[in-house]
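The primary structure of each chain is shown beneath.
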Amino acid sequence: MVVLAILLTAAVVALIVAPLVSQSPEIPYGVSFARGPITPEVLDRMLDSRFCPVCASPLAGYPSEACRVCGTRWD
Amino acid sequence: MTMVWVGRYALLVGLLSSSWAVFGGWAANRMRKLRWQESVRGGVMALTLCTTTAVFALEYLLMTGDYAVRAVYNHSDQALPMLYKLGALWGGDSGSVLFWGWILSLYAGWLAWRSWSRDRVLTPVVIPLVGSVSIFFLLLSNFVVNPFWPVGGHPANGVGLDPLLQNLVMTIHPPAMYTGLIGLTVPAAYTMAALWTRTPWAEWIGPVRRWTLFSWGCLSTALILGGMWAYMDLGWGGYWAWDPVENAALLPWLTATAFLHAVQLEQKRGVFRGWTASLSVGTFLLTLVATYITRSGVLKNSVHSFTGTGVGPYFVVLFWVSVAAFGWVLWSRRDMLKDRRALDSGLSKESLYLLINMTFAVIAGIVLVGTFFPVISKALVKQSVVLNVSFFNLSTAPLFVLVALVMGSAPAVRWHGTRVGVALRYLRAPIAAGAVTGCIFWLAGSRTAMDGAGAGAAGFALVSMLQEYRRGALSERRGRHRPAVVALVAAVGRNRRKFGGYLVHMAYAVVMLGVIASHTQSVSVVRTVHPGQTIAVAGYRLHYQGLNVVLHSGHQITEARLAVENGSQRWEATPGMSFFPGSRQPVAQISIHEGPLKDLYVVLEGTSGNGTILLDAMVNPLVTWIWAGMFVVAAGTLVALSAPVSRRKAGLSRDAHSGLTWQARNRHATEGRDPL
């Protein structure tokens with residue numbers, strides 16, 4: 001019983017805590033495609049995910065021509 | 001006892017995880033902390049893991065027969081076959097609440113796993129809303145009806161599962177019902193999240209439609225399975241009695257059906273937005289009403305007996321909290337509920353969709369008022385008045401006939417309007433088929449105007465749908481020399497959403513024919529029969545040979561041996577009565593000889609010491625059509641669900657605000673700019 005409880009606790013803690021203590025830059029899930037030039041495919045996926053493909057911040061500037069956070073242009 | 005503690009621990013950790021999913025999710029969204037959002041996503045997965053662990057722990061206890069646990073003691077015993085031990089999980093309130101919470105957590109897990117990457121703005125708002133309902137069920141499971149609580153002492157055996165639930169259909173019906181009802185939480189959460197975040201309608205209504213369609217398909221299947229169980233197990237020869245618990249499940253089905261049609265209007269024309277959003281939310285609220293009716297015992301006139309643990313009042317609290325929250329969001333986002341354009345008048349697809357919506361809403365209203373009439377009358381005149389089957393039949397039958405007529409007419413009518421003459425020419429074959437079907441049913445014994453009209457309308461709708469399939473196949477064959485079957489499959493594959501819907505409409509017509517025939521043309525003979533005597537009913541001859549007593553899976557069955565003749569066909573029927581240990585009432589073992597056109601349904605009503613029996617023999621026409629309709633509904637739903645998702649990318653690009661975060665959209669709205 002103790003082993004099962006420990007395993008369950010470990011899994012839950014890993015699922016909840018791991019993203020909080022992650023050392024990786026705060027890039028949201030699903031935008032790792034965005035390294036490199038902004039091709040039409042990248043733009044298409046960007047519209048789907050609605051995060052800047054370069055700095056990963058929410059597309060607060062869209063549909064303007066540049067990300068308001070990092071300045072990346074996609075026109 | 002090990003698994004008991006694992007289960008209890010998992011429920012507690014699940015409650016903490018869902019709390020994090022709700023409160024952490026809310027904070028992450030407010031402060032735009034992406035890492036927190038990821039953590040919330042992990043919290044939802046943890047919730048799924050915990051509830052799954054708890055369910056497996058309880059199933060383990062049921063399988064191994066740990067009768068010191070209350071849920072195991074109350075709903076299982078040593079003699080219970082393994083399949084029913086599995087189903088004993090949802091045999092009582094405590095297991096049902098756990099099961100409900102588990103399925104909801106699976107939906108939440110699916111949202112976190114699949115929908116997260118597709119929509120990183122809306123999904124993090126949907127998840128806390130689904131999680132808040134999850135918290136409710138986990139609070140109940142932990143502190144009100146914990147299935148792992150001890151019974152006191154160490155009993156060697158349990159009370160056993162209700163004999164009426166020991167049926168294969170009853171093993172499938174509750175999970176299908178739960179999957180359907182619980183699934184309707186997600187569309188409501190999506191609607192609220194989308195309105196709150198001012199997400200343009202084009203971006204969220206598609207996923208909401210798919211979630212609703214899936215739940216609707218499960219609910220439709222479950223409703224028919226419930227009828228099948230009543231027919232096979234209860235021994236009164238019917239399948240639907242307008243019992244409060246049956247009505248409770250029908251109510252969200254009616255509004256979900258209306259919602260699925262309202263979505264079409266929104267997607268094609270951008271109208272009835274307020275109505276569409278209200279239906280989505282209202283359907284969820286009706287699932288709570290359904291659970292309340294089922295679990296509270298507020299309506300004493302139900303033959304169903306699920307009550308006893310007092311969980312009902314908690315559902316009332318959840319209901320009113322949900323009403324307040326949804327009402328507030330709908331009111332504060334009323335600018336989003338304005339229609340994009342006016343509705344075309346006259347004979348148009350729009351007006352038919354509107355009519356079908358209104359019809360389903362009125363049916364839902366009648367069923368709701370009729371179901372709660374004992375409570376309403378008690379409050380008004382201090383006397384509980386129960387409305388009987390005739391009220392429901394008389395008040396809803398014309399509306400169901402109207403639905404079939406509209407359904408059959410719809411393919412002939414275009415968006416923006418069609419001339420009546422054009423529509424009538426298009427519908428010549430369905431109209432002829434409707435007239436013929438009405439006449440056949442009239443001659444077969446359905447002699448009231450409503451029965452004839454109902455059969456005619458169902459025949460009309462069925463042939464209208466078949467005509468659409470034929471037209472689709474012909475269109476595929478034009479210019480290409482394809483076999484008819486290949487062309488048909490290609491046509492369906494090209495427009496799965498449309499043809500899946502038509503398949504569901506066909507199922508409606510088939511079920512309607514089955515209901516009318518079995519309701520109006522059924523023949524019954526109730527007679528005392530001595531050994532060696534023969535009785536006749538509607539062309540069947542039943543020769544009673546004697547009584548047998550057999551033992552089966554720990555219970556005793558007294559069965560009558562009957563040699564049956566129908567023309568050249570001969571077989572043996574053995575209707576009986578089962579006596580389960582610990583149960584005072586015998587359970588009927590019905591003998592049903594099913595056929596494509598009629599069933600011979602024989603019930604042993606009673607026996608005497610000298611071998612004389614009281615026999616009820618019925619011939620029920622077209623009941624198998626109702627069961628066949630269930631498979632067609634399921635097939636149609638799957639075909640419609642398999643249609644590729646329309647992401648509306650073009651609409652997304654055109655939409656000046658679709659890329660905004662929801663905080664930005666709200667800012668724009670408060671600044672007076674058009675959020676859509």
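None of the values given here were measured: they were computed from a predicted structure.

Procedures and definitions
Counting restarts for each chain: residues are numbered from 1 in the order of the written sequence. The order in which chains are written sets their letters, starting at A; the order in which ligands are written sets their numbers, starting at 1. Only residues with pLDDT of 70 or above have their local features reported here, since the model is predicted, and side-chain atom pairs are shown and tallied only from 80 upward, although totals for entire chains, interfaces and linings are computed over all residues. For the side-chain quantities, the full set of heavy atoms in the structure was used; hydrogens and water were omitted. We count a stretch as a helix when DSSP gives it H or I for four or more residues in a row; a strand needs E for two or more, and each element gets its number in order from the N terminus. Exposure categories follow from relative accessible area, calculated using a 1.4 Å probe and restricted to protein chains: below 20% of the type maximum is buried, above 50% is exposed, and the middle band is partly exposed. Contacts between residues were defined by any pair of non-hydrogen atoms, one from each residue, lying within 4.5 Å. Here, Shrake-Rupley sampling with a 1.4 Å probe gives the accessible areas, and only protein chains in the shown set may cover a residue. Two residue types count as positive, namely Lys and Arg, and two as negative, namely Asp and Glu; His and chain ends fall outside the count. Within this document, salt bridges are pairs made up of a side-chain nitrogen of Lys or Arg and a carboxyl oxygen of Asp or Glu, the two lying within 4 Å of each other. Axis definition: a line fitted to C-alpha atoms, limited for helices to the stretch in contact. Angles are taken between N-to-C directions and run from 0 to 180 degrees. Handedness of a helix crossing follows the sense of rotation of the near helix relative to the far helix, less than a right angle counterclockwise being left-handed and clockwise being right-handed. Definition of nonpolar core: a set of buried residues of the types Ala, Val, Leu, Ile, Met, Phe, Trp, Tyr and Cys, connected through side-chain atoms within 4.5 Å. Gly falls in the polar group here, along with every residue not listed as nonpolar (Ala, Val, Leu, Ile, Met, Phe, Trp, Tyr, Cys, Pro) or charged (Asp, Glu, Lys, Arg). Stacked, tilted and edge-to-face pairs are distinguished by plane angle, under 30 degrees for stacked and over 60 for edge-to-face with tilted covering the rest, among Phe, Tyr and Trp rings (Trp via its six-membered ring) whose centres lie within 6.5 Å. We call two strands paired when DSSP finds no fewer than two bridges between them. A helix is expected to span 1.5 Å multiplied by its residue count minus one. In this analysis the local bend is the angle between axes fitted, respectively, to the seven residues ending at and the seven residues starting at the residue. Polar contact criterion, stated in full: a pair of N or O atoms within 3.5 Å, where within protein one must be able to donate a hydrogen and the other to accept it, and residues adjacent in sequence count only if both atoms are side-chain atoms. You can read pLDDT as the predictor saying how much it trusts each residue, on a scale of 0 to 100. Note that the arc is defined by the directions from the helix axis to the C-beta atoms. Distance thresholds for patches are 9 Å for like charges and 5 Å for nonpolar side chains (Val, Leu, Ile, Met, Phe, Trp, Tyr), applied to residues having over 30% relative accessible area and no salt bridge.

> It is not clear to me how the overall build of chain A should be interpreted in this structure. Could you clarify?
When helices and strands are counted, chain A shows two helices and zero strands. Residue burial in chain A is summarised as follows: out of 75 residues, 39% are buried. Nonlocal contacts in chain A, meaning residues at least 24 apart in sequence, comprise 17% of its contacts between residues at least 6 apart. Counting every atom, chain A has about 4,200 Å² of accessible surface; 65% of that belongs to carbon and sulfur.

> Would you mind going over the overall build of chain B with me for this structure?
Counting its secondary structure elements, chain B contains 22 helices and 10 strands. Sorting the 676 residues of chain B into buried and exposed places 58% on the buried side. With the model as given, the accessible surface of chain B reaches about 27,800 Å², and the carbon-plus-sulfur share is 63%.

> Before we go on, may I ask you to explain the side chain of Glu59(B) in this structure?
Mapped onto the fold, Glu59(B) is located in helix H2 (residues 34–64). Here Glu59(B) occupies a buried position and makes no salt bridge, while the nearest side chain of opposite charge, Lys85(B), is found at 10 Å.

> How should the packing of helix H8 (residues 185–196) of chain B against helix H12 (residues 312–332) of chain B be read in this particular structure?
In a pair of packed helices, the angle between the axes and the distance between the axes together describe the arrangement. All names here are of chain B. At a minimum axis distance of 9 Å, the contact between H8 and H12 shows a crossing angle of 40 degrees. For the pair H8 and H12, the sense of crossing is left-handed. From H8, Ala188, Met192, Leu195 and Trp196 reach across to H12, where they touch Phe326, Trp328, Val329, Leu330 and Ser332.

> Whenever I open this one, the nonpolar core confuses me. Can you help?
Generally speaking, nonpolar side chains in soluble globular proteins are found buried as a group. Residue and element names in this part refer to chain B. Core analysis: the largest hydrophobic core is formed by 179 residues, its most contacted members being Leu58 and Leu195. Considering every element that reaches this core, the biggest residue donor is helix H9 (residues 201–233), with 16 residues. The residues touching Leu195, leaving out its near neighbours within four places in the chain, are Trp201, Ala277, Val329, Leu330, Arg333, Met336 and Leu337. Leu542, Leu562, Trp571 and Val602 belong to the second-largest nonpolar core, a separate cluster that totals 20 residues.

> Got a minute to help me understand the packing of H2(B) against helix H6 (residues 123–144) of chain B in this structure?
All names here are of chain B. Two elements in contact, H2 and H6, have axes whose closest approach is 11 Å; the angle formed by their N-to-C orientations is 35 degrees. Crossing angle aside, the handedness with which H2 passes H6 is left-handed. Contacts between H2 and H6 involve Gln37, Val40, Val44, Leu47 and Thr51 from the former and Pro124, Ile127, Ser134 and Leu138 from the latter. A breakdown of the residues in the contact of H2 with H6 according to their chemical character gives six nonpolar, three polar and no charged.

> It is not clear to me how the packing of aromatic side chains should be interpreted in this structure. Could you clarify?
Aromatic ring pairs are reported here in terms of the distance separating the ring centres and the angle at which the planes meet. All names here are of chain B. Overall, the coordinates contain 28 aromatic pairs over all chains when judged by the stated rule. Summarising the aromatic geometry, the rings of Phe99 and Trp102 are spaced 5.9 Å apart at their centres and angled 40 degrees between planes, so their arrangement reads as tilted. Of this pair, Phe99 and Trp102 both sit in helix H5 (residues 93–118), three residues apart, which is roughly one turn of that helix. There is no split in this pair, since Phe99 and Trp102 are both buried. Every member of this aromatic cluster is reached through a ring pair, and the members are Trp90, Phe99, Trp100, Trp102, Phe136, Phe137, Tyr178 and Phe315.

> Which parts of the structure should I look at to understand the pattern of salt bridges?
Two side chains with opposite charge may pair up if their charged atoms get near one another. Residue and element names in this part refer to chain B. For the structure on display, the rule yields eight salt bridges over all chains. Among the ionic pairs, Asp93 bridges to Arg295, the shortest N-O distance being 2.5 Å. In this pair, Asp93 is assigned in helix H5 and Arg295 in helix H11 (residues 273–296), connecting sequence segments 202 residues apart. The salt bridge involving Glu565 is made with Arg570; its shortest N-O contact spans 3.7 Å. One connected set of salt bridges, linked through shared partners, spans Glu476, Arg482 and Arg494.

> How should I be thinking about the pairing of strand S3 (residues 540–552) of chain B in this particular structure?
Across a regular strand the side chains alternate sides, sitting on one face of the sheet and then on the other. Residues and elements named next belong to chain B. Bridge analysis of strand S2 (residues 534–537) against S3 gives four bridges, and the strand direction is antiparallel. Bridging across to S3, Ala536 finds its partner in Arg541. Counted along the chain from S2 to the antiparallel partner S3, the turn is two residues long, and its residue Ala538 has a positive phi close to 45 degrees. Hairpin connection between S3 and strand S4 (residues 555–566): a loop of two residues separates the two successive antiparallel strands, and Ser553 in this loop has a positive phi of roughly 45 degrees.

> Explain unusual backbone geometry here, please?
With the exception of glycine, the majority of residues adopt a negative phi angle, and the majority of peptide bonds are in the trans configuration. Residues and elements named next belong to chain B. Of note, the phi angle at Arg198 is positive, near 55 degrees, even though the residue is not glycine. Position of Arg198 among the secondary structure elements: in the loop between H8 and H9. Of note, the phi angle at Leu622 is positive, near 55 degrees, even though the residue is not glycine.

> Before we go on, may I ask you to explain the environment of Val510(B) in this structure?
Residue and element names in this part refer to chain B. With respect to the secondary-structure elements, Val510 resides in helix H19 (residues 496–520). Each C-alpha atom of the pair Val510 and Leu462 lies 7.3 Å from the other, and the pair is 48 residues apart in sequence. If near-sequence neighbours (up to four positions away) are discounted, Val510 is found in contact with Leu462, Trp625 and Gly629.

> Which parts of the structure should I look at to understand helix H14 (residues 389–409) of chain B?
Note on helix geometry: an α-helix contains 3.6 residues per turn, so any two residues three or four positions apart are oriented the same way. All names here are of chain B. End to end, H14 covers 30 Å across 21 residues, agreeing with the expected 30 Å (1.5 Å per residue, within 8%). At Thr396, H14 shows its maximal bend, which comes to roughly 35 degrees, and the proline Pro398 appears one to four places after that position. Taken together, the buried positions of H14 are Phe392, Thr396, Leu399, Phe400, Val401, Val403, Ala404, Val406, Met407, Gly408 and Ser409. For H14, the N-terminal capping position is held by Asn388, with its side-chain oxygen 3.1 Å away from the main-chain nitrogen of Ser390.

> Please explain the sheet that holds strand S9 (residues 598–607) of chain B as it appears in this structure.
The strands making up a sheet are joined through hydrogen bonds of the backbone, oriented either antiparallel or parallel. All names here are of chain B. On the basis of which strands lie adjacent, the open sheet formed by four strands has the order S1-S10-S9-S8 and antiparallel pairing. Each of the sheet's edge strands pairs with one partner strand only, and the pair in question is strand S1 (523–529) and strand S8 (591–593). Taking the axes of each pair of neighbouring strands and ignoring which way they run, one obtains an average angle of 15 degrees across the sheet.

> Explain the confidence of the model for chain B here, please?
Reading fine detail from the predicted coordinates is not recommended where pLDDT is low. Scored by pLDDT, chain B has a mean of 87; 92% of the residues are at 70 or more. A low-confidence stretch, residues 671–676 of chain B stays under pLDDT 50, and its non-local contacts, those more than four residues away or across chains, total 11 contacts.

> Can you walk me through the side chain of Ser578(B) in this structure?
Mapped onto the fold, Ser578(B) is located in strand S6 (residues 576–579). A polar side-chain atom of Ser578(B) sits 2.7 Å from a polar atom in the side chain of Gln589(B).

> For this particular structure, what's the right way to read helix H18 (residues 484–494) of chain B?
Residue and element names in this part refer to chain B. Taken together, the buried positions of H18 are occupied by Ala487, Ala491 and Val492. Considered in projection along H18, the buried side chains sweep an arc of 135 degrees and stay on one side of the axis. For H18, the exposed residues lying more than 90 degrees away from the buried face are Val485 and Val489. Elements that come into contact with the buried residues of H18 comprise helix H17 (449–477), H19 and helix H20 (623–641).

> Can you help me understand a nonpolar patch on the surface in this one?
On the surface, Met1(A), Val2(A), Ile6(A) and Trp5(B) cluster together into a nonpolar patch covering about 410 Å² of accessible area. When its relative accessible area of 53% is taken as the criterion, Ile6(A) is described as exposed.

> Before we go on, may I ask you to explain the confidence of the model for chain A in this structure?
Residues with a pLDDT of 70 or more make up 29% of chain A, whose mean pLDDT is 64. Throughout residues 26–35 of chain A the model reports pLDDT below 50, and contacts reaching past four residues in sequence, or to other chains, amount to 25 contacts.

> Honestly, the environment of Val369(B) in this entry has me stumped. Any pointers?
Residue and element names in this part refer to chain B. For Val369, the location among the structural elements is in helix H13 (residues 349–381). On the basis of relative accessible area, Val369 is assigned to the partly exposed category, the value being 43%. Along the sequence, Val369 and Leu387 sit 18 residues apart, while their C-alpha atoms lie 9.8 Å from each other.

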